[in-house]
Protein chains: 2
Amino acid sequence: MQTYSSYLLENAVNQLAKLPGVGRKSALRLALHLLRQDEQVVSDFANAVLMLRQEVKYCKHCRNISDTDECAICADHSRDRSTICVVETIKEVMLFENTGRYRGLYHVLGGVISPMDGIKPSDLEIDSLVSRVEAGGVDEVVLALSTTMEGDTTAYYIAKKLAGTHVRLTTIARGVAQGDELQYADELTLGNSIVNRVPYRT
Amino acid sequence: MQTYSSYLLENAVNQLAKLPGVGRKSALRLALHLLRQDEQVVSDFANAVLMLRQEVKYCKHCRNISDTDECAICADHSRDRSTICVVETIKEVMLFENTGRYRGLYHVLGGVISPMDGIKPSDLEIDSLVSRVEAGGVDEVVLALSTTMEGDTTAYYIAKKLAGTHVRLTTIARGVAQGDELQYADELTLGNSIVNRVPYRT
C-alpha cells in the first residue's frame, strides 16, 4: 500500500485511478504531471470535464449529444430527412459521420437490449423511435447495431415494434464479421456497410 | 479529423488528450465514460484534480508535498533528524518510505542539473539544503539521485557546496544499474541501496 504525505494527492490519485484503463501507478503519474502544470492549465482541464457532464444536452429528436436542444445533424435541412439510421451510442454517430457516406438522420438508442446487464427495451430510446416514424415523413429505418446476440435481439425487437408502420426496414451490410463490436471496425468497412444496406429479414 | 456534434465534448476530449500517455481515441473513451457517470462523481473527480493543484503545499523544511507547512515526516520527532536523504522529486520520497527501511529526513531538490533541459543549480533546492546543513544537527547527507549523467553532475555539485560543512556525505549503494532511472527500481533494491550506503567519492 502506497503512503501519501498529502491527502490532496491521495484523493486525486484515487479519483484518477477510477478512469477506465488507468491503474494506481498511472494515476500517480498523471497527478504528478498535473502538479507540474500552471494553475490555469489544470483549472481549464477540470472545468472542461465538469462542463461536459453538467452542460451537455441530448438532441430532442435523435438523442445525439449536442450543445443545443436540437443537434446539428437534425437541424441541417440539406440532409435526407426520410432516412433514420438507428445506432447504439453517440460514438457510432461519430463513426458514420466520419465515413462521409451517409446523409440521412440518426436515432441513438443508448445501448442494446441485454438481460445479462439488466437493460430492458424500456431503458432504451425505442418508443421515441417509433414515435418519430409514426409522425410521418420517414421512408426508411436503417438498423446499424453491433453483430452480437444483444444487437440482433434489439434489431428483432425494433422490427416487431415498427411492423405496423409500413416503413422500409434495412440493416447495414454485414461486412463486419459476426461477433465484432461496431466501434472497432475501420471506416471503409463501415462506409460500405451503410451504402450496401439490404432489406431487414427476421 | 474527428467531427464532434458538441463543442463541450470536443473541448473535454482535447483536455483529456493532453494527459501523458492519453491519445485522442483514449481521450474520447474517457470523455464518454465520464458522461455516463453521475454528476456528483464527475464533480468529485474535477474537484480532486483542481484542489490538488490549488491547495497543495510543499514542506518548508524538505520541500516534500504536504497539506500543511511542515510535512508529516519532518514533524515526526521519532525519526532520525541527523540524517537527510537528498532526492530528485516527491516520487522518490514515496518510494523510500514504501521500503520501510529509512528513518531519517529528506530533502527534495525538484529535479537534477540538466543543461540540455535548461535546469540550472539555482532552479533546484540546493541552497535550502546547504542552509539546513549549516543550521546544525545534521551528521549525514545521503545522496539518492538517479545514476545518470545529470544525477552524477548534481551529486558532484552538492558535494562541492557541502565541502566546508564537515557533514558526512554518503550515496546510496549502486545496486541500481548504471543509466537506470530510480523510479523504475524495485523496492528491495531501493531498500538495500539506502541501508548499504557508502561514503561519497568524487
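Just so you know, the residues in each chain are numbered from 1, in the order the chain's sequence is written. Think of it this way: whatever chain is written first is A, whatever ligand is written first is 1, and the rest follow in order. With pLDDT at 70 or above as the cut-off, local features in this predicted model cover only qualifying residues; side-chain atom pairs require 80 or more to be listed or tallied, and sums for whole chains, interfaces and linings still use all residues.

A.B. asks: How should I be thinking about the overall build of chain A in this particular structure?
C.D. replies: Only DSSP runs of H or I reaching four residues or more are called helices, and only runs of E reaching two or more are called strands; each is numbered from the N terminus. Each helix and strand counted, chain A has eight helices and seven strands in total. All radius of gyration figures rest on C-alpha atoms, and the globule criterion is 2.2 Å times the number of residues raised to 0.38. Scaling as 2.2 N^0.38, a compact globule of 202 residues should have a C-alpha radius of gyration of about 17 Å, whereas chain A reaches 21 Å, well beyond that. The dimensions of chain A, computed from C-alpha atoms along their principal axes, are 65 × 35 × 35 Å. Summarising the internal contacts of chain A: among those between residues at least 6 apart in sequence, 55% fall at separations of at least 24. The contact criterion used here is simple: two residues whose C-beta atoms, placed from the backbone, lie within 7 Å are in contact.

A.B. asks: Would you mind going over the domain arrangement of chain A with me for this structure?
C.D. replies: When the parts come together, some accessible area is lost, and that loss is often what is quoted as the size of the interface. Boundary definitions for the domains trace back to an automatic or database domain assignment. If you check the domain split of chain A, you get domain 1 (7-55) and domain 2 (77-199). Taking only C-alpha atoms, the centre of domain 1 of chain A and the centre of domain 2 of chain A are 35 Å apart.

A.B. asks: Please clarify how helix α5 (residues 90-99) of chain A should be interpreted in this entry.
C.D. replies: Three or four residues apart is the spacing at which side chains of an α-helix point the same way, because the helix has 3.6 residues per turn. Labels follow a simple rule on C-beta atoms placed from the backbone: if 20 or more others lie within 10 Å of a residue's own, it is buried; if 12 or fewer, it is exposed; otherwise it is partly exposed. Among the residues making up α5(A), those that are buried are A:Ile90, A:Glu92, A:Val93, A:Met94, A:Leu95 and A:Phe96. Phi turns positive one or two residues past the end of α5(A), at A:Gly100, with a value near 70°.

A.B. asks: Help me understand the packing of helix α1 (residues 7-16) of chain A against helix α2 (residues 24-36) of chain A in this model?
C.D. replies: Residue and element names in this part refer to chain A. With axes taken as lines fitted to C-alpha atoms, and helix axes fitted only over the stretch in contact, angles between N-to-C directions fall between 0 and 180 degrees. At a closest axis distance of 8 Å, the pairing of α1 and α2 adopts a crossing angle of 125°. Taken together, the axis directions place α1 and α2 in an arrangement best described as oblique. For the crossing formed where α1 meets α2, the hand is right-handed. Along its contact with α1, which presents Leu9, Ala12, Val13 and Leu16, the element α2 presents Arg24, Ala27, Leu28, Leu30 and Ala31. Classifying every residue of the contact of α1 with α2 by side-chain character gives eight nonpolar, no polar and one charged. We call two directions roughly parallel when the angle between them is under 35 degrees, roughly antiparallel when it is over 145, roughly perpendicular when it lies between 65 and 115, and oblique otherwise. Left-handed describes a crossing whose near helix is turned anticlockwise from the far helix through less than a right angle; right-handed describes the clockwise counterpart. Under the scheme applied, nonpolar residues are Ala, Val, Leu, Ile, Met, Phe, Trp, Tyr, Cys and Pro; charged residues are Asp, Glu, Lys and Arg; polar residues are all the others, including Gly.

A.B. asks: Just to check I follow, could you spell out the pairing of strand β6 (residues 168-171) of chain A for this structure?
C.D. replies: All names here are of chain A. Only one face of β6 is covered, namely the face carrying Leu169 and Thr171; the face carrying Arg168 and Thr170 is uncovered. As defined by bridge partners, strand β5 (residues 140-143) adjoins β6 across four bridges and the pair is classed as parallel. The residue bridging Val142 from the neighbouring strand is Thr170, located in β6. As judged from the two bridges shared by β6 and strand β7 (residues 198-199), these two strands associate in the antiparallel manner. By the bridge assignment, Thr171 is partnered in β7 with Val198. When DSSP finds two or more bridges between two strands, those strands count as paired.

A.B. asks: For this particular structure, what's the right way to read the relation of the copies chain B and chain A?
C.D. replies: By a simple turn and slide, chain B fits onto chain A: the slide is 0.0 Å along the axis, the RMSD is 0.1 Å, and the turn is 180°. Such a combination of turn and shift is consistent with a two-fold rotation axis. Identified as the residue of chain B closest to the rotation axis by C-alpha distance is B:Ala46, at 2.3 Å. The overlap is high: 100% of the interface residues of chain B also sit at the interface in chain A, so the same surface is used on both sides. When the copies are superposed, the least-squares fit draws on C-alpha atoms of residues that have pLDDT of at least 70 in both.

A.B. asks: Where do I start with the sheet that holds strand β3 (residues 80-87) of chain A in this structure?
C.D. replies: Strand pairing in a sheet takes place through backbone hydrogen bonds and is either antiparallel or parallel in direction. The five strands are arranged β4-β3-β5-β6-β7 (chain A) in an open sheet whose pairing can be described as mixed. If you trace the sheet from one side to the other, it starts and ends with β4 (104-108) and β7 of chain A, each paired once.

A.B. asks: Before we go on, may I ask you to explain the nonpolar core in this structure?
C.D. replies: Soluble, globular proteins show a tendency: their nonpolar side chains are buried together. Counting residues in each nonpolar core, the largest one holds 112 residues, and the members touching the most others are A:Val49, A:Val86, B:Val49 and B:Val86. Each residue touching A:Val49, except ones within four places of it in the same chain, is listed here: B:Ala12, B:Gln15, B:Leu34, B:Val42, B:Phe45 and B:Ala46. Any set of buried Ala, Val, Leu, Ile, Met, Phe, Trp, Tyr and Cys residues joined through C-beta atoms within 7 Å is what this text calls a nonpolar core.

A.B. asks: In this structure, what is going on with the interface of chain B and chain A? I would like to understand it.
C.D. replies: The interface is formed by 46 residues belonging to chain B together with 46 residues belonging to chain A. Within the residue set of the side of chain B that touches chain A, elements represented by two or more residues are α1 (7-16), α2 (24-36), α3 (39-55), β2 (65-66), α4 (72-75) and α5 (90-99) of chain B. A per-element tally of the side of chain B that touches chain A places α3(B) first, with 14 residues. Class assignment for the residues of the side of chain B that touches chain A results in 26 nonpolar, twelve polar and eight charged.

A.B. asks: What's the story with the sheet that holds strand β5 (residues 140-143) of chain B in this structure? I'm lost.
C.D. replies: Read across the open sheet, the five strands follow the order β4-β3-β5-β6-β7 (chain B); overall the sheet is mixed. Where the open sheet ends on each side, the last strands, each with one partner, are β4 (104-108) and β7 (198-199) of chain B.

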